[in-house]
Amino acid sequence: RSSMHLAPLLRRSWSTIEAAMSCVKTANRTHSCGELRLANVGNQVTLCGWVQVARDMNHFSFVDVRDRYGITQVVFPKEGADEAGLKRYEASNKLGREFVIKVSGKVVERSNKNANRPTGEVEVIAESLEVLNSSNTPPFKIEDITDGQEETRMRYRYLDIRRNPIKEALLLRNKITRLVRNHLGDRDFCEIETPVLIKSTPEGARDFVVPSRMNPGQFYALPQSPQTFKQLLMVAGMDRYFQIVKCFRDEELRADRQPEFTQIDCEMSFVAQEDILREFEDMIRLIFKEVVQLELPPFERMEYTDAMDRFGIDKPDLRFNMELVDITEAAKGRDFKIFDEADIVIAMCCKGLAEWSGKKLKELEKTATGQESGASALIWMKYLNDGSFDCSAKKFFSDEQYKVWVEKANARPGGCEPGDLLCIFAGPKLKTQEAMGKFRHLMGTELGLRSGGFKALWVVNFPMLEWDEDGGRFDAKHHPFTSPWTEDIEKMISLDKKDPRLADIRANAYDMVINGVEVGGGSIRIHNRDLQMKVFSVLGMSEEEAKDKFGFLLGAFEHGAPPHGGLAFGLDRLCTILGGKTSIRDYIAFPKNNQGRDTMMDTPSGITPEQLAELHIETVGPKAKGGEKVGEASFSPATRT
């Protein structure tokens, strides 16, 4: 059975399919199992593949033979068969699921056609059968809808890939990468590989580190991105670069994160922001047209401040309304502490929820204050169908205030009508906006508003810096190589590194957002050494530390660095959007689980004391239940980790 949600990806002209199928002919087969049609009736063919199912009908047997390209029904007659034919019939009844076979015979038209299968108008009358390999009984059904749990399927990932949903997900990924390479190649981009063993530098997440045997006590890091290398390639004069590249981050995992992931990494010289947005918007629109046959309209451009004010999040899903409403002035002054002590009071209208029961509203409060949203409290107001009001803080407010809240909500798309529910958060401005933005996405999903269509936009002009209360300093909103807007450079250079006015500096940065998911982001880069040093200083990095970590880049800026900028797309996330799934694991051939483990290979795993000794490392492992240390090497290390 074909996966319905990916059906549009497979719609190609028959001439295109014929051209592709001609490539599969080998010494062992003449055709694929998805190739035969009525035009092939009378042909002698040889097929190779896996047994999907074998059925004995007493007078004959059916065997469905499957490969990557499809399924073909093969018939083994019993009635009227000669001795060799009877042996083939008996042998076909011994075939188990997932046996690998080679079968030859004549293509005939089926009397009972299968309209749900591309090869369903024909079948092959077997004239020879060879078992190329037997198979143990699979631990789960190799079907679109399987009985296998995810843990089992990941342990036997090579079997899971045989199922259409995973196979088609990988084929979708392949189609996207081919489109990217062809498009960027036609646009004069040069694909250049960058090193995988690099210097550990502060980029936000933890690095994966690799000990150097030849340099005891020293370590490489695996790249979180090729950021500095692509900038160096611009200094080197390569002008237009791209790479489909593996990146590594040692961070907490979830459905849209893996410790190793793939970026479509791009950089351009002598460009402004608009050049980059136009270039890569064209690429994404091409991908959507080719993959899901959709002509995306020109992308909306939304300022970061507008995104936060209207949606509470810098990656808004524009497929539904539910915009935020600032009711601060209308909510304060009624002796309600939660509102009176807040910097901002924000409301959001949920259509049609005024009739929700008290139990449902309790669940809603848990959602709002839970880890995924993080609000300190949820205050709700029902605008009932009869025009009356109810509120969880009704001791403090009257119909007069409720009507003002409704009036303000009606200034936003969708408005607030009888039958609707206003959800209200209050607190520090940014924290409250962010909590409501996350809550909006959760409610959009709960109400079925995020299940179809595509809506893309650019969010532009982020803050360059954000204050870290714990560290007592500013952090880079994106990364330390992002350039401020030209108008803000002088302010950036002149202000003290802890001056609160630095929070107003705008970054020349941009994110592409589709359906509430950030699929790509980038910036115009700093290409001036003095400005780069100033940014490092603001971020709390001493001159010595900056030279130690980034001396190679600072040195390059002294040798004629051109203005440049770029961005990177998350290939895995882009695949989930185009394929209609939620987990990037479906689009990665051999993914890790939520604990970062590859259960198929059973890794990470220990290494031998001899290997540790070569690396000059001693491991100090966790204690087992009996109190013994696990995996401790008994030698004198040069380095202890």
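Below: a short report on this structure. (Residues numbered from 1 in each chain as written. Predicted model: local features only at pLDDT ≥ 70, side-chain atom pairs only at ≥ 80, totals over all residues. Heavy atoms only, no water.)

Structural notes on the overall build of the protein chain
The helix and strand inventory of the protein chain stands at 18 helices and 24 strands. Along the first, second and third principal axes, the C-alpha atoms of the protein chain reach 95 × 75 × 65 Å. In the protein chain, buried positions account for 47% of the 641 residues. Long-range contacts, defined here as pairs at least 24 residues apart, represent 65% of the contacts in the protein chain between residues at least 6 apart. As presented, the protein chain carries roughly 31,600 Å² of accessible surface, and 49% of it is formed by carbon and sulfur atoms. (Helix = DSSP H or I, 4+ residues; strand = E, 2+ residues; numbered from the N terminus. Buried < 20%, exposed > 50% of the residue type's maximum accessible area, 1.4 Å probe, protein only. Contact = heavy atoms within 4.5 Å. Areas by Shrake-Rupley, 256 points an atom, 1.4 Å probe, with all protein chains shown as cover.)

Remarks on a negative patch on the surface
Among the surface-exposed residues, Glu-303, Asp-306, Asp-309, Asp-326 and Glu-329 lie close enough to one another that they form a single negatively charged patch. Within the secondary structure, Asp-326 is located in strand 12 (residues 324-326). The class for Asp-326 is partly exposed, based on a relative accessible area of 46%. (Patch = residues over 30% accessible without salt bridge, like charges linked within 9 Å, V, L, I, M, F, W, Y side chains within 5 Å. Salt bridge = Lys/Arg side-chain N within 4 Å of Asp/Glu carboxyl O. Lys, Arg positive; Asp, Glu negative; His and termini not counted. Charge placed at Lys NZ, Arg CZ, Asp CG, Glu CD.)

Some remarks on the sheet that holds strand 16 (residues 420-427)
The strand order 12-13-16-14-15 describes an open sheet built from five strands, whose pairing is antiparallel. Unpaired on one side and paired on the other, strand 12 and strand 15 (389-391) mark the two borders of the sheet. The mean inter-strand angle of the sheet, taken between neighbouring strand axes irrespective of direction, is 25°. Helix-sheet contacts for helix 11 (residues 358-369) involve strand 14 (379-383) and strand 16, and the interaxial angle to strand 16 is about 35°. Running at roughly 95° to strand 15, helix 12 (residues 399-409) makes contact with strand 12, strand 14, strand 15 and strand 16 of the sheet. (Pairing = 2+ DSSP bridges. Axes fitted to C-alpha atoms, helices over the stretch in contact; angles between N-to-C directions.)

A word on the sheet that holds strand 20 (residues 509-514)
The strands that make up a sheet pair up through hydrogen bonds in the backbone, lying either parallel or antiparallel. The eight strands lie next to each other as 6-9-10-22-21-20-17-11, forming an open sheet whose pairing is mixed. The sheet is open, and its two borders are formed by strand 6 (190-191) and strand 11 (300-303), each paired with just one other strand. With nine bridges connecting them, strand 9 (residues 240-248) and strand 10 (residues 260-269) associate as antiparallel partners. Directly across from Phe-248, in strand 10, lies its bridge partner Glu-260. Packed on one face of the sheet, helix 5 (residues 164-186) meets strand 6, strand 9 and strand 10 and runs near 150° to strand 9. On top of the sheet, helix 8 (residues 304-311) reaches strand 11 and strand 17 (456-460); it is set at about 85° to strand 11, its chief contact.

Points about the side chain of Gln-273
Along the chain, Gln-273 falls in helix 7 (residues 273-292). We classify Gln-273 as buried; its relative accessible area is 11%. Non-local contacts of Gln-273, meaning those with residues more than four positions away in its chain, are made with Val-460, Asn-461, Trp-485, Asn-508, Ala-509, Tyr-510 and Ile-524.

Describing helix 16 (residues 543-556)
Spanning 14 residues, helix 16 covers only 16 Å between terminal C-alpha atoms, well under the ideal 20 Å at 1.5 Å per step. The sharpest bend along helix 16 reaches about 90° and sits at Phe-550. All buried positions along helix 16 are accounted for by Ala-546, Phe-550, Leu-553, Leu-554 and Ala-556. As for helix 16, its buried residues are in contact with helix 6 (227-235) and helix 15 (529-538). (Expected span 1.5 Å × (residues − 1). Bend = angle between axes of the 7 residues up to and from the residue.)

As for helix 8
Burial in helix 8 covers these residues: Tyr-304, Ala-307, Met-308 and Phe-311. Along the axis of helix 8, the buried positions cluster into a sector of 105°, meaning they face one direction only. The inward-facing, buried residues of helix 8 abut strand 11, strand 12, helix 13 (429-446) and strand 17. Trailing helix 8 by a residue or two, Gly-312 shows a phi angle of about 75°, which is positive. (Arc of directions from axis to C-beta.)

Points about the environment of Val-180
As for its position among the elements, Val-180 is in helix 5. Measuring from C-alpha to C-alpha, the distance between Val-180 and Ile-287 comes to 7.8 Å, with 107 residues separating the pair along the chain. The contacts of Val-180, once residues within four sequence positions are left out, are Ile-244, Ile-264, Met-283 and Ile-287.

A word on the packing of aromatic side chains
In this structure the tally under the stated criterion is 21 aromatic pairs. Measuring from ring centre to ring centre gives 5.0 Å for Phe-60 and Phe-62, while their planes differ by 65°; the resulting arrangement is edge-to-face. Among the aromatic residues, ring-to-ring pairing joins Phe-336, Phe-339, Tyr-383, Phe-389, Phe-396, Phe-397, Tyr-402 and Trp-405 into one connected group. Its end group placed over the ring of Trp-380, Lys-382 keeps NZ or CZ at 5.6 Å from the ring centre. Sitting above the plane of the Phe-320 ring, Arg-440 keeps its charged end 4.0 Å from the centroid. (Phe/Tyr/Trp six-rings, centres within 6.5 Å; stacked < 30°, edge-to-face > 60°. Lys NZ or Arg CZ within 6 Å of the ring centre and 35° of its normal.)

Here's the deal with unusual backbone geometry
Backbone geometry follows two general trends: most residues other than glycine have a negative phi, and most peptide bonds adopt the trans configuration. Pro-604 follows Thr-603 through a cis peptide bond whose omega is 10°. Tracing the backbone shows Pro-604 in the loop between helix 17 (571-579) and helix 18 (609-614). The phi torsion at Gln-293 lies on the positive side, around 55°, for a residue other than glycine. Inspection of the secondary structure assignment puts Gln-293 in the loop between helix 7 and strand 11.

Some words on the nonpolar core
Formed by 40 residues in total, the largest nonpolar core has its most connected members in Ile-176, Phe-280, Ile-284, Ile-287, Phe-288, Phe-569 and Leu-578. Ranked by residues supplied to this core, first place goes to helix 7 with nine residues. Apart from the residues within four sequence positions on either side, Ile-287 is in contact with Ile-176, Leu-179, Val-180, Val-292, Leu-574 and Leu-578. Of all hydrophobic cores here, the second largest spans 26 residues; its members include Met-302, Ala-307, Met-308 and Ile-526. (Core = buried A, V, L, I, M, F, W, Y, C linked by side-chain atoms within 4.5 Å.)

Here we look at the packing of helix 5 against helix 7
At a closest axis distance of 10 Å, the pairing of helix 5 and helix 7 adopts a crossing angle of 140°. By the angle class used here, helix 5 and helix 7 are oblique. Handedness of the crossing formed by helix 5 with helix 7: right-handed. Of the residues in helix 7, those touching helix 5 at Leu-172, Lys-175, Ile-176, Leu-179, Val-180, His-183 and Leu-184 are Glu-279, Phe-280, Met-283, Leu-286, Ile-287, Glu-290 and Val-291. Its residues assigned to classes, the contact of helix 5 with helix 7 shows 10 nonpolar, one polar and three charged. (Parallel < 35°, antiparallel > 145°, perpendicular 65-115°, else oblique. Left-handed = near helix turned anticlockwise from the far one by under 90°. Nonpolar A, V, L, I, M, F, W, Y, C, P; charged D, E, K, R; others polar.)

Here we look at the pattern of salt bridges
Pairing is possible between side chains of opposite charge, provided their charged atoms come close. Inspection of the entire model under this criterion finds 39 salt bridges. We note a salt bridge from Asp-64 to Arg-55, for which the minimum N-O separation is 3.5 Å. With relative accessibility at 5%, the residue Asp-64 sits in the buried group. Residue classification places Arg-55 among the partly exposed residues on the basis of a relative accessible area of 29%. Salt-bridge contacts for Arg-501 lead to Asp-499; the nearest nitrogen and oxygen are separated by 2.9 Å. Taken together, the salt bridges that share partners define one network made up of Arg-153, Arg-157, Asp-160 and Arg-163.

Regarding the pairing of strand 2 (residues 60-67)
Counting buried positions over the eight residues of strand 2 gives seven, a clear majority of the element. Across six bridges, the pairing between strand 1 (residues 44-56) and strand 2 is antiparallel. Bridge pairing in strand 2 links Asp-56 to Ser-61.

Scope: geometric values only; no functional claims are made or implied.
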